[in-house]
Amino acid sequence: VSGILRVCAAHGVPVVAQGGNTGLVGGSVPDDSGTAVVLSTRRLDGIGDIDRTQGQVTVGAGAILAGVQQAARAAGFDVPVDLAARQSATVGGMAATNAGGLHVIRHGTMRQQVLGFEAVLAGGEVLAHLGGLLKDNTGYDLAGLLCGSEGTLAVLTRLRLRLVPLLPHRVTALVAWPSLEALVAGFVAIREQVPSLETAEYFVAAGEELVLETFGGARPFDRPYPAYLILEAAGPSDPTELLAAAVGEVPGVLDVAVAGSAAGSAALWRVRELHSEALGAAGPPRKYDVTVPVGRLTRFVDAAVRLVEDRPGLVCHHFGHVGDGNVHVNVLGAEALDDEGREALDGAVLGLVAEEGGSISAEHGIGRLKRDWLHLSRSPAELAAMRALKDALDPMGILNPGVLLPPV
Ligand SMILES: Cc1cc2nc3c(=O)[nH]c(=O)nc-3n(C[C@H](O)[C@H](O)[C@H](O)COP(=O)(O)OP(=O)(O)OC[C@H]3O[C@@H](n4cnc5c(N)ncnc54)[C@H](O)[C@@H]3O)c2cc1C
C-alpha cells in the first residue's frame, strides 16, 4: 500500500480506498473523470490470534466482518459492532465510516472499538500504533481521527479491535404501542431497568402494511397496532425475566411477543427486516439516514412526515434504531420531481434534522452524496479545522478527492 501511494503521489494520481463497497453514499467509488486508482483492500484480510489477556484482536483492514466474528466467537468473544452487511463489509471500511449497526446502545460505534491502527499516509509514510493499551494518554487520538475519515486522510491497513465476551443467552421481544410517543417513553424506561439491552428498533403501522402488501405473510400479532418496538437483550444468564418485568411495568404496552430461539426471533424481526426491500419494490425511495436526540425523535418524525406529505404525490415512511435516535426516512414518489424539486426536498428534510439538533449522517458517512449538506451538521469553524487536517495530512489532495469535503 505504501508503494502504491508513493507512486500515485509522485504522479498526482487520486486514490480511492475500497473495502466491501457496501457504503451507500458513493464514498468508495471514484468520480467519473477516469483518472483515479481504486485501491481494493480485500487481500489485506489476515486475522491475528485472539489476545485473551486484553480481549483484543489485530486484523487486516480488508478482513470481512463475518470472518472476524467467526474467529472471535470460536474463542468465546464477539465483535461489538454487527450490521446486516456483515458478509461483505470490511473492518477497514467499517472504521473509515465509523459504522454503527445493531448494538450501538450497548457497545457504541466502531470508533469505540478501534484501540490501535496501522495506516499509510498520502505520501506513503506508514503510521503504526497497534499496542491496544486501554490507558494511553500520549497525545492526539489518531485512531479516532481516522475513524469516520472515509479514506480522505490515510488508507487503513490494520486495526486493533476491542472484543466483548460472547453472551450465550439472548431474548427478543416485540412490543406493540398506541403511538410512537408512548413507544419512545416506554423504551427509555425499559432501558433504565435492563442494562443488558443491545438492540431497540422501531417501525410503525404504515410500514407493516407496506411489507404485508408486498410480501404477504402473517402479522406479528392478530391485529395491527400503531407502533412496534423490537428489543433484544443478551447476558451470561437468561435475561428474559428481567426484560419481561421491565416491559410489564411500563404503561401503554398493548401487546408483547417473546422469542428465545433463533427461529422465533427471526419471525419477530421479519416485518422490520423487510422494510427496505418493500420500499425498494414500491420505489425507488429517496433515503435519509439521520440521527436526532432520542427525546426529539417523535417531534422530528411528525414534522418530517408533514413536510414531505404536504408535497403532492409524496409519501413518507420511517423506521429505525430508536435507542440511538437513528431514523431511516424514506420518501416514495420523489422520482417524479425535477432536480430542483429533489434538492428542495433534501434541503427541507436535512434542514429539519439540523433544527432538531440531529446529524445528517447516522451511518455510511458523508461520501459524495451528502457532501454539499455537511454545513448543516458542522459549523464553519469545524469545517475549517477539518480542511486544515486534510491539507496537513494529504497536501496534494490525492486521497478520495471530492468525498466528505469539496475538492480543492
Ligand atoms: C445491507 C446493508 C446494511 C448496512 N447496515 C449498516 C448499519 O447498520 N450501520 C452502518 O453504520 N452501516 C451500515 N451499512 C453501510 C456499510 O455497510 C458500512 O458503511 C460499512 O462500514 C462499509 O464497509 P465497506 O468495507 O463496504 O466499505 P466501502 O463501502 O468499500 O467504503 C466506505 C468508505 O470507507 C473508505 N474505506 C474503505 N476501506 C478503507 C480503508 N482500508 N482505509 C481507508 N478508507 C477506507 C472508502 O473510501 C469509502 O469512503 C449497511 C450497508 C448495507 C448494504
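Above this note sits the structure.
Quick look at the structure, then. (Residues numbered from 1 in each chain as written. Predicted model: local features only at pLDDT ≥ 70, side-chain atom pairs only at ≥ 80, totals over all residues. Heavy atoms only, no water.)

Considerations on the overall build of the protein
When its secondary structure is counted, the protein shows 14 helices and 15 strands. A globule of 408 residues ought to have a C-alpha radius of gyration of about 22 Å, and the protein, at 22 Å, matches this closely. Summarising its shape, the C-alpha atoms of the protein cover approximately 65 × 55 × 35 Å along the three principal directions. Counting across all 408 residues of the protein, residues that qualify as buried make up 50%. (Helix = DSSP H or I, 4+ residues; strand = E, 2+ residues; numbered from the N terminus. Rg over C-alpha atoms; globule rule 2.2 N^0.38 Å. Buried < 20%, exposed > 50% of the residue type's maximum accessible area, 1.4 Å probe, protein only.)

A word on the site of the ligand
Close to the ligand lie 32 residues, the nearest being A17, G19, G20, T22 and T90. One nitrogen or oxygen atom from the main chain of N21 is found 2.8 Å from an oxygen atom belonging to the ligand. Between the ligand and M94, the relevant distance is 3.3 Å, taken from an oxygen atom to a main-chain nitrogen or oxygen of the residue. Protein contact buries 89% of the 980 Å² of open area that the ligand shows by itself. (Near = heavy atom within 4 Å. Polar contact = N/O pair within 3.5 Å; in protein donor to acceptor, adjacent residues only side chain to side chain. Areas by Shrake-Rupley, 256 points an atom, 1.4 Å probe, with all protein chains shown as cover.)

Observations regarding the packing of aromatic side chains
Tallied over the entire structure, the rule returns four aromatic pairs. The interplanar angle of 20° and the centroid separation of 4.8 Å between the aromatic rings of F203 and Y228 together place this pair among those described as stacked. Of this pair, F203 sits in strand β10 (residues 197-204) while Y228 is found in strand β11 (residues 227-235), placing the two residues 25 residues apart along the sequence. Classification of Y228 by relative accessible area gives buried; the value is 0%. Ring plane angle 75° and centroid distance 5.6 Å describe the contact between F221 and Y225, whose orientation is recorded as edge-to-face. A relative accessible area of 9% means that F221 is categorised as buried. (Phe/Tyr/Trp six-rings, centres within 6.5 Å; stacked < 30°, edge-to-face > 60°.)

Considering the nonpolar core
Ranked by internal contacts, the top residues of the largest apolar core, which has 53 residues, are L231 and F300. Setting aside chain neighbours within four positions, we find F300 in contact with V290, V292, V327, V329, V349, L352, V353 and E356. L65, F77, A143 and L161 belong to the second-largest nonpolar core, a separate cluster that totals 33 residues. (Core = buried A, V, L, I, M, F, W, Y, C linked by side-chain atoms within 4.5 Å. Contact = heavy atoms within 4.5 Å.)

What to know about the environment of A282
Along the chain, A282 turns up in helix α11 (residues 275-282). What makes A282 partly exposed here is its relative accessible area of 40%. Sequence separation between A282 and D238 is 44 residues; the distance between their C-alpha atoms is 40 Å. Apart from the residues lying within four places of it in its own chain, the contact partners of A282 are L210 and L332.

Details of the sheet that holds strand β13 (residues 286-291)
Across the sheet, which stays open at both edges, the seven strands sit in the order β12-β9-β11-β10-β14-β15-β13 with antiparallel pairing between neighbours. Among the strands making up the open sheet, the edge pair consists of β12 (255-259) and β13. Neighbour-to-neighbour, the strand axes of the sheet open up by a mean angle of 15°, direction not taken into account. Summarising the sheet, strand β14 (residues 315-321) and strand β15 (residues 326-332) pair through seven bridges and their orientation is antiparallel. The residue of β15 that forms the bridge with H318 is V329. Across the sheet, helix α7 (residues 180-193) is in contact with β9 (169-177), β10, β11 and β14; its angle to β11 comes to roughly 15°. (Pairing = 2+ DSSP bridges. Axes fitted to C-alpha atoms, helices over the stretch in contact; angles between N-to-C directions.)

Examining the side chain of D78
With respect to the helices, strands and loops of the structure, D78 is situated in strand β4 (residues 77-78). Only 3.0 Å separates the side chain of D78 from the side chain of R73, close enough to count as a polar contact.

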